[in-house]
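In case you want the letters, here they are:
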There are 4 protein chains.
Amino acid sequence: MIIVMKQNAPLTVIEQLEQEMRDRGFQVDRSKGSSKVVLGLVGDTSALDERDFLSNPWVDKVMRVQEPYKRASRAFHPADTVVDVKGIKIGGKKLVVMAGPCSIETPEQIGGIAKAVKASGAAILRGGAFKPRTSPYSFQGLGEKGLDLLISAAHKENMPVVTELMSADKIGMFLEKGVDIIQIGARNMQNFDLLKAVGRLNVPVLLKRGMSATIEEWLMSAEYIMSEGNHNVILCERGIRTFEKATRNTLDLSAVEVVKERSHLPIIVDPSHATGHREMVPAMAMAAIAAGADGIMCEVHNDPEHAWCDGAESITPETFDDLMGRLKQLAPIVGREL
Amino acid sequence: MIIVMKQNAPLTVIEQLEQEMRDRGFQVDRSKGSSKVVLGLVGDTSALDERDFLSNPWVDKVMRVQEPYKRASRAFHPADTVVDVKGIKIGGKKLVVMAGPCSIETPEQIGGIAKAVKASGAAILRGGAFKPRTSPYSFQGLGEKGLDLLISAAHKENMPVVTELMSADKIGMFLEKGVDIIQIGARNMQNFDLLKAVGRLNVPVLLKRGMSATIEEWLMSAEYIMSEGNHNVILCERGIRTFEKATRNTLDLSAVEVVKERSHLPIIVDPSHATGHREMVPAMAMAAIAAGADGIMCEVHNDPEHAWCDGAESITPETFDDLMGRLKQLAPIVGREL
Amino acid sequence: MIIVMKQNAPLTVIEQLEQEMRDRGFQVDRSKGSSKVVLGLVGDTSALDERDFLSNPWVDKVMRVQEPYKRASRAFHPADTVVDVKGIKIGGKKLVVMAGPCSIETPEQIGGIAKAVKASGAAILRGGAFKPRTSPYSFQGLGEKGLDLLISAAHKENMPVVTELMSADKIGMFLEKGVDIIQIGARNMQNFDLLKAVGRLNVPVLLKRGMSATIEEWLMSAEYIMSEGNHNVILCERGIRTFEKATRNTLDLSAVEVVKERSHLPIIVDPSHATGHREMVPAMAMAAIAAGADGIMCEVHNDPEHAWCDGAESITPETFDDLMGRLKQLAPIVGREL
Amino acid sequence: MIIVMKQNAPLTVIEQLEQEMRDRGFQVDRSKGSSKVVLGLVGDTSALDERDFLSNPWVDKVMRVQEPYKRASRAFHPADTVVDVKGIKIGGKKLVVMAGPCSIETPEQIGGIAKAVKASGAAILRGGAFKPRTSPYSFQGLGEKGLDLLISAAHKENMPVVTELMSADKIGMFLEKGVDIIQIGARNMQNFDLLKAVGRLNVPVLLKRGMSATIEEWLMSAEYIMSEGNHNVILCERGIRTFEKATRNTLDLSAVEVVKERSHLPIIVDPSHATGHREMVPAMAMAAIAAGADGIMCEVHNDPEHAWCDGAESITPETFDDLMGRLKQLAPIVGREL
């Protein structure tokens with residue numbers, strides 16, 4: 001941690017701050033610039049918050065030298081983490097595609113889609129039973145019944161499932177039904193109590209990036225989960241909120257490379273929520289893999305025009321099959337398989 | 001709801017969409033522009049989602065005519081809502097100031113601050129017992145013990161308290177201890193299960209704006225609470241996330257006027273979290289009242305440099321007292337009292 | 001244009017507005033919703049500004065039915081525009097790569113880089129002679145001398161050049177020296193006098209997206225150029241400003257698809273300025289082509305560590321050659337050639 | 001300047017970088033943290049760009065200790081700058097109000113408005129003759145004729161004028177007609193050639209903040225003007241671009257305090273462009289003064305519904321007069337006069 005003092009900071013203030021830091025176990029290096037004094041703290045600073053130093057009125061700026069995350073950091077764990085879900089490896093050489101409808105509607109719907117996406121090469125079935133909706137008057141998902149339909153359709157196709165958990169009180173239900181990957185949605189990325197709760201489980205967690213979360217905050221949320229013991233975290237970029245309204249969100253594909261550099265965790269991309277328009281999904285899925293992602297998560301619906309939720313961003317099984325064909329051609333060019 | 005069809009949309013598609021809407025009970029008006037057909041839906045469209053129409057590939061754009069919220073809307077409730085907390089009225093002529101430390105630390109700390117802010121004219125005591133922190137390694141609040149200290153200090157000064165609830169499983173504790181206003185923090189503004197849970201209570205809720213929430217989304221979150229029966233919602237603007245990093249967030253004071261126009265709910269402003277710098281708090285508190293807010297929420301600490309949390313944005317009781325003096329002068333100029 | 005009147009708007013106000021619109025040559029359709037009156041204007045509304053209607057206090061909302069641009073719109077020009085620069089076609093089946101240093105430094109530097117990028121398959125040489133720098137104390141480019149060095153190096157390799165014009169008073173110099181493509185930088189995207197000036201030329205213009213420009217505003221800036229007669233406009237996405245600071249800007253690759261849908265103009269992507277980090281350039285270049293871009297613009301420097309400008313985002317000729325090899329493999333998968 | 005090297009950076013790389021810095025005249029301090037080496041450069045670093053160091057692949061992060069601006073910095077010029085325009089002092093104890101129409105239309109319009117705003121206490125007359133419009137098909141201003149009308153109306157009321165310059169080739173005209181304050185608009189805030197051109201004049205410059213400019217970039221643009229010799233720069237906050245669309249822009253009132261702390265230049269606020277809605281203008285004008293601004297710039301029109309430009313955000317002379325009355329009451333509370 002580097003602390004820049006304000007110009008003319010009194011020596012007594014500087015010495016007192018140094019003493020406080022020494023008392024907390026840090027070595028302190030002082031250097032004198034042309035107009036300002038700079039302090040360098042040596043030691044494990046992960047428990048320190050830069051903002052805490054700013055409470056001293058003579059402190060001008062603070063900069064971390066080490067990243068604030070440890071378990072999520074590549075510095076502490078240089079090798080890529082590969083999350084194993086019933087034999088499907090996320091984060092390895094083979095790309096992983098998660099596909100399915102936004103929300104589970106009927107046995108025929110989820111069953112038909114599961115069969116189709118499996119046939120096209122999807123490895124994991126997605127589908128929402130509990131839906132976070134902006135309006136209390138919108139369809140909120142089928143709940144437990146939806147979960148049953150999802151699991152049943154997945155068993156028939158021998159696929160693991162991923163589905164969103166919105167509240168800790170449903171964890172028992174999720175475990176009992178056998179959800180394979182628990183999704184934490186963008187709106188709950190900083191629901192810290194929920195993060196801690198899934199951190200105590202033995203089930204992989206798919207952590208979506210918050211709508212306005214920096215990559216550092218996202219990795220800190222992964223750290224929350226990991227600090228409770230669960231190291232099987234998969235990150236999912238799904239677009240961030242910007243001023244541009246031509247797309248639902250702005251897909252931040254550079255985040256893939258940033259995450260790969262800073263962390264060992266696998267990262268996939270959701271081109272459906274990112275764009276909000278089905279016409280853009282295939283191109284953005286291709287771009288995500290070209291950018292180095294470990295896989296994609298894609299909304300597929302047999303009848304998008306009448307989907308109960310997010311039909312605008314759902315592609316048909318036919319479009320999905322076509323996309324999978326092109327992804328298979330793309331994979332080897334970026335050193336992957338599909 | 002206005003639906004603009006794409007150029008060359010087939011007549012059969014248009015007629016089918018019209019029929020579907022008529023089947024759902026809407027009257028449909030069709031008009032023909034120079035190149036595009038426009039449909040107008042007449043009826044209660046609050047349960048419709050604009051995005052649902054976009055799942056039709058021949059739909060170009062959709063625009064709401066009515067706002068998507070009802071209970072939170074001024075159209076449905078023209079008079080200002082005044083929330084009464086033990087006789088203190090929030091949203092009336094008299095401005096309300098909520099003050100106290102970011103986090104509760106010791107009996108002496110919270111007791112001393114309570115006494116000081118009460119003496120300066122604060123009506124409600126704030127203080128955090130459960131703290132949402134970006135890092136799992138940062139101080140997470142004293143928890144239940146903190147709640148006890150807060151309530152005890154408030155009783156001594158005869159002040160109601162406001163404190164943050166992060167998880168529904170603590171609601172019993174909050175009710176039992178007698179928390180007067182339950183705060184839902186920015187990170188939980190779209191934690192819909194939590195909103196529904198506090199919507200079923202009989203306790204006023206202070207709903208902070210999410211870091212990247214539009215005003216419409218914020219009012220929809222209020223609608224979540226109100227749709228469950230709890231109409232005592234107080235909004236709190238606390239800054240939004242933008243590209244500018246000179247302040248912690250960007251305080252959006254125009255939101256006050258927008259909320260006042262669209263909704264009947266009271267709105268206060270938190271200049272502490274918005275700016276992140278104590279030097280800016282008094283000026284932004286003044287600006288908030290000049291902009292028409294119903295009050296402010298302000299972090300006050302007796303020893304900001306050694307605060308356990310957010311000392312950088314905490315003002316001292318002396319600065320607070322000075323600010324209150326100036327707010328009292330300002331109030332009548334904007335037609336208020338303090 | 002759809003105009004939604006406020007609830008309870010007096011009939012006389014509505015009739016007067018209708019009359020004013022009829023006087024301006026529009027047909028007006030009035031419909032009555034459950035609580036609000038909606039007017040539809042039929043006719044060529046491209047000269048109308050939505051905001052103008054908002055000056056009427058009884059107008060609630062306005063929505064365009066037609067896009068505000070005409071010459072730039074695909075609706076008015078369905079076929080893709082292909083810009084021909086000395087036989088190199090931008091916007092056709094063959095991808096176009098523009099490469100070169102951020103700023104021109106010495107004859108050896110620009111000559112060596114030109115030779116290398118040409119050998120790897122770049123079609124057009126880029127290089128800055130006039131540099132827009134945030135600080136007046138930073139290197140501002142070699143100016144006219146730089147232009148001479150660029151042209152001379154390009155002639156040797158038989159490549160056209162693209163270089164930035166910052167001020168209309170240099171147009172004479174650019175024409176005289178024979179600049180093949182004039183670049184308008186992000187900071188000047190709404191320098192309307194400059195847009196009009198290059199609109200009167202017979203030279204292709206590369207129009208970078210402004211740092212916070214919506215896609216619609218960007219196309220309106222293209223319209224400025226085209227409305228003066230110059231239809232040879234190439235768009236260049238180069239990242240937008242968001243809250244995320246891990247990258248210099250946030251590359252908005254969905255913009256490629258949006259532009260392709262709304263406009264007939266070619267669009268390329270600049271992964272260098274977008275990311276600001278050379279490690280990310282190859283992955284983002286691949287992603288751009290996978291997303292459907294017509295080409296890329298890439299900063300290449302023989303000695304990035306000692307580049308006079310933006311070395312952090314410049315790749316070496318070796319990395320560039322490697323990237324070109326992979327782009328050649330990628331091209332056919334997205335139906336292109338390189 | 002503080003340079004943090006990456007973990008495991010080779011000693012030879014570090015020593016070479018140190019030597020390069022010493023060769024450029026800096027003293028270099030090296031410290032060793034727990035895992036990384038940190039270099040501190042001592043000397044005048046204003047000509048250095050942080051990004052230049054990032055071109056070294058072994059450099060992890062860079063932080064400035066000194067701000068990159070000098071002439072605009074309060075550190076170099078502790079006393080407030082007061083700009084004198086024909087005896088009207090901007091930046092002193094007395095608040096300054098600039099008012100007038102968005103665009104100049106007719107002699108009667110500008111004459112009537114000038115008379116009214118002068119009577120209400122406005123000190124300076126604003127009005128646009130050259131208008132930057134998003135669409136080439138929108139009214140672009142009356143040009144030279146507009147300038148004549150503005151100057152003539154102002155002379156009658158004995159007021160100085162402020163009006164926007166969009167292109168350096170009009171400087172001669174502006175000087176000849178006697179424009180008192182030259183406005184540089186938000187879209188041209190980084191039109192560096194234009195900044196340099198007005199920097200060589202002896203006329204005060206009103207520099208609006210760019211739509212997505214950080215405060216640091218804004219001060220760097222002021223530095224461009226000042227570095228050419230013209231120190232009479234007035235800053236004008238006019239809202240920044242964010243995700244929120246309920247207002248035209250998001251007024252960033254905290255910028256006032258940030259600018260006051262970092263710079264000695266006067267700063268005023270434009271509540272008209274910031275909000276885009278006339279109903280919000282008075283409240284935001286009050287808030288701006290409460291926040292510490294040196295004045296406001298406000299759009300006033302005698303017939304906003306039929307204004308040729310931006311009527312939606314223009315207030316009437318009556319509303320303006322009422323606002324001035326309240327600003328006069330507010331001024332002493334924040335230690336000012338009006």
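Residues numbered from 1 in each chain as written. Chains lettered and ligands numbered in written order. Predicted model: local features only at pLDDT ≥ 70, side-chain atom pairs only at ≥ 80, totals over all residues. Heavy atoms only, no water.

An unreviewed UniProt entry annotates chain A as Phospho-2-dehydro-3-deoxyheptonate aldolase originating from Dialister succinatiphilus YIT 11850.

S.K.: What is the right way to read the packing of helix 6 (residues 192–199) of chain B against helix 7 (residues 215–227) of chain B from this model?
M.R.: Any two packed helices are characterised by how steeply their axes cross, that is the angle between the axes, and by the distance between the axes. Residue and element names in this part refer to chain B. It is the contact of helix 6 with helix 7, at a shortest axis distance of 7 Å, that shows an interaxial angle of 45°. The orientation of helix 6 relative to helix 7 falls into the category oblique. In the crossing of helix 6 with helix 7, the sense of the turn from one axis to the other is right-handed. Two secondary-structure elements touch here, helix 6 through Phe192, Leu195, Lys196, Val198 and Gly199 and helix 7 through Ser221, Tyr224 and Ile225. Across the contact of helix 6 with helix 7, the residue classes break down as five nonpolar, two polar and one charged. (Axes fitted to C-alpha atoms, helices over the stretch in contact; angles between N-to-C directions. Helix = DSSP H or I, 4+ residues; strand = E, 2+ residues; numbered from the N terminus. Parallel < 35°, antiparallel > 145°, perpendicular 65-115°, else oblique. Left-handed = near helix turned anticlockwise from the far one by under 90°. Contact = heavy atoms within 4.5 Å. Nonpolar A, V, L, I, M, F, W, Y, C, P; charged D, E, K, R; others polar.)

S.K.: When you look at the environment of Phe243 of chain A in this model, what are you seeing that I'm missing?
M.R.: Among the secondary structure elements, Phe243 of chain A is positioned in the loop between strand 12 (233–237) and helix 8 (254–262). A C-alpha to C-alpha distance of 33 Å links Phe243 of chain A and Leu48 of chain A, two positions 195 residues apart in sequence. Setting aside anything within four residues of it in sequence, one finds Phe243 of chain A in contact with Arg209, Met211, Ser212, Ala213, Thr214, Ile240 and Arg241 of chain C together with Arg241, Thr242, Phe243 and Lys245 of chain D.

S.K.: Please clarify how the sheet that holds strand 2 (residues 27–32) of chain A should be interpreted in this entry.
M.R.: Backbone-to-backbone hydrogen bonds pair the strands of a sheet. The strands run either parallel or antiparallel. Residues and elements named next belong to chain A. Pairing is antiparallel across the open sheet formed by four strands, whose spatial order is 2-3-1-4. Strands with a single pairing partner mark the edges of an open sheet, and in this sheet they are strand 2 and strand 4 (59–63). The mean angle between the axes of side-by-side strands here comes to 20°, regardless of whether they run parallel or antiparallel. Direction of pairing for strand 2 relative to strand 3 (residues 37–42): antiparallel, over a ladder of six bridges. Note on strand 3: the bridge partner recorded for Val28 is Leu41. The strands touched by helix 1 (residues 11–23) within the sheet are strand 1 (2–5), strand 2, strand 3 and strand 4, with strand 2 carrying the most contacts at an inclination of about 155°. (Pairing = 2+ DSSP bridges.)

S.K.: Help me out: how do you make sense of the relation of the copies chain B and chain A in this one?
M.R.: The relation between the two chain copies is a rotation about an axis coupled with a shift along that axis. For the pair chain B and chain A, the best superposition has an RMSD of 0.0 Å and corresponds to a rotation of 180° with a translation of 0.0 Å parallel to the axis. Given the turn and translation reported, the copies of this chain are related as if by a two-fold rotation axis. Judged by C-alpha distance, Ser212 of chain B is the residue of chain B that lies nearest the rotation axis, at 3.0 Å. When the interface residues of chain B are mapped onto chain A, 100% of them again lie at the interface, so the same face is used by both copies. (Least-squares fit on C-alpha atoms with pLDDT ≥ 70 in both.)

S.K.: Sorry, what's going on with the pattern of salt bridges here?
M.R.: In a structure, side chains of opposite charge can pair up when their charged atoms sit close to one another. Counting across every chain of the model gives 103 salt bridges over all chains. Arg209 of chain B is the salt-bridge partner of Glu237 of chain B, the closest N and O atoms lying 2.9 Å from each other. Residue Glu237 of chain B is found in strand 12 (residues 233–237), and its partner Arg209 of chain B is found in the loop between strand 11 (205–208) and helix 7; the two are separated by 28 residues along the sequence. The two residues Glu237 of chain B and Arg209 of chain B agree in class, both being buried. Close ionic contact of Glu18 of chain C with Arg22 of chain C constitutes a salt bridge, the shortest N to O distance being 3.8 Å. In this pair, Glu18 of chain C and Arg22 of chain C are both assigned in helix 1 (residues 11–23), four residues apart and thus about one turn of the helix distant. (Salt bridge = Lys/Arg side-chain N within 4 Å of Asp/Glu carboxyl O. Buried < 20%, exposed > 50% of the residue type's maximum accessible area, 1.4 Å probe, protein only.)

S.K.: What's the story with the domain arrangement of chain A in this structure? I'm lost.
M.R.: As a measure of interface size, the accessible area lost when the parts come together is often cited. Each assigned domain of chain A is listed with its residue range as follows: domain 1 (2–63) and domain 2 (83–334). Between domain 1 of chain A and domain 2 of chain A, the C-alpha centre-to-centre distance is 43 Å. (Domains from an automatic or database assignment.)

S.K.: What exactly am I supposed to notice about the UniProt feature "domain: DAHP synthetase I/KDSA" (unreviewed entry) in chain A here?
M.R.: Residues annotated in UniProt with the feature "domain: DAHP synthetase I/KDSA" (unreviewed entry) correspond here to residues 82–327 of chain A. For residues 82–327 of chain A, the end-to-end C-alpha separation is 21 Å, with 37% helix and 16% strand making up the annotated structure. (UniProt positions renumbered as here; feature names shortened; annotations may be inferred.)

S.K.: What is the right way to read the relation of the copies chain C and chain B from this model?
M.R.: Of the transformation placing chain C onto chain B, the axial shift is 0.0 Å and the rotation is 180°, giving an RMSD of 0.0 Å. When the interface residues of chain C are mapped onto chain B, 100% of them are again interface residues, pointing to one common binding face.

S.K.: Hey, could you run me through the interface of chain C and chain B in this one?
M.R.: Opposite the 26 residues of chain C that make contact, chain B presents 26 residues. Here chain C packs against chain B, burying approximately 1,900 Å² in sum over the two surfaces, 61% of which is carbon and sulfur. Connecting chain C to chain B are zero salt bridges. Connecting chain C to chain B are six residue pairs in polar contact (both at pLDDT 80 or more). Taken together, the elements giving at least two residues each to the side of chain C that touches chain B come down to strand 1 (2–5), strand 2 (27–32), strand 3 (37–42) and strand 4 (59–63) of chain C. Taken together, the residues that form the side of chain C that touches chain B break down as nine nonpolar, eight polar and nine charged. (Buried area = accessible area lost by both parts, 1.4 Å probe. Polar contact = N/O pair within 3.5 Å; in protein donor to acceptor, adjacent residues only side chain to side chain.)

S.K.: Sorry if this is basic, but what is going on with the sheet that holds strand 1 of chain C here?
M.R.: All names here are of chain C. With respect to topology, four strands assemble into an open sheet ordered 2-3-1-4, the strand pairing being antiparallel. Pairing within the sheet leaves two strands with one partner each, and these edge strands are strand 2 and strand 4. Direction aside, neighbouring strands of the sheet carry axes that sit 20° apart on average.

S.K.: Got a minute to help me understand the interface of chain B and chain A in this structure?
M.R.: Each partner contributes to the interface: chain B provides 49 residues, whereas chain A provides 49 residues. Surface buried jointly by chain B and chain A totals about 4,300 Å² across both partners, of which 45% is contributed by carbon and sulfur atoms. When the buried surface of chain B facing chain A is broken down by residue, Arg51, Ser55 and Tyr137 of chain B rank first, second and third, together holding 16% of it. The salt bridge involving Asp310 of chain A is made with Arg51 of chain B; its shortest N-O contact spans 3.9 Å. Where chain B touches chain A, the interface holds 31 residue pairs in polar contact (both at pLDDT 80 or more). Among the elements of the structure, helix 2 (50–53), helix 6 and helix 7 of chain B are those that each provide at least two residues to the side of chain B that touches chain A. Sort the elements by how many residues they give to the side of chain B that touches chain A and helix 7 of chain B lands first, with five residues. Grouping the constituent residues of the side of chain B that touches chain A by class yields 15 nonpolar, 16 polar and 18 charged.

S.K.: Honestly, the pairing of strand 10 (residues 181–184) of chain C in this entry has me stumped. Any pointers?
M.R.: Residue and element names in this part refer to chain C. Alternating residues of strand 10 divide into Ile181 and Gln183 and Ile182 and Ile184, and every residue in both groups is buried. Inspection of the sheet shows strand 9 (residues 161–164) paired to strand 10 by three bridges, in the parallel sense. Within strand 10, the position partnered with Val162 by the bridge is Ile181. Handedness of the crossover joining strand 9 and strand 10 through helix 5 (residues 171–177) is recorded here as right-handed. Where strand 10 meets strand 11 (residues 205–208), three bridges bridge the pair, whose relative direction is parallel. Bridge pairing links Gln183 to Leu206 in strand 11. The parallel pair strand 10 and strand 11, bridged by helix 6 (residues 192–199), forms a crossover whose chirality is right-handed. (Right-handed = clockwise from strand over helix to strand, strands pointing away.)

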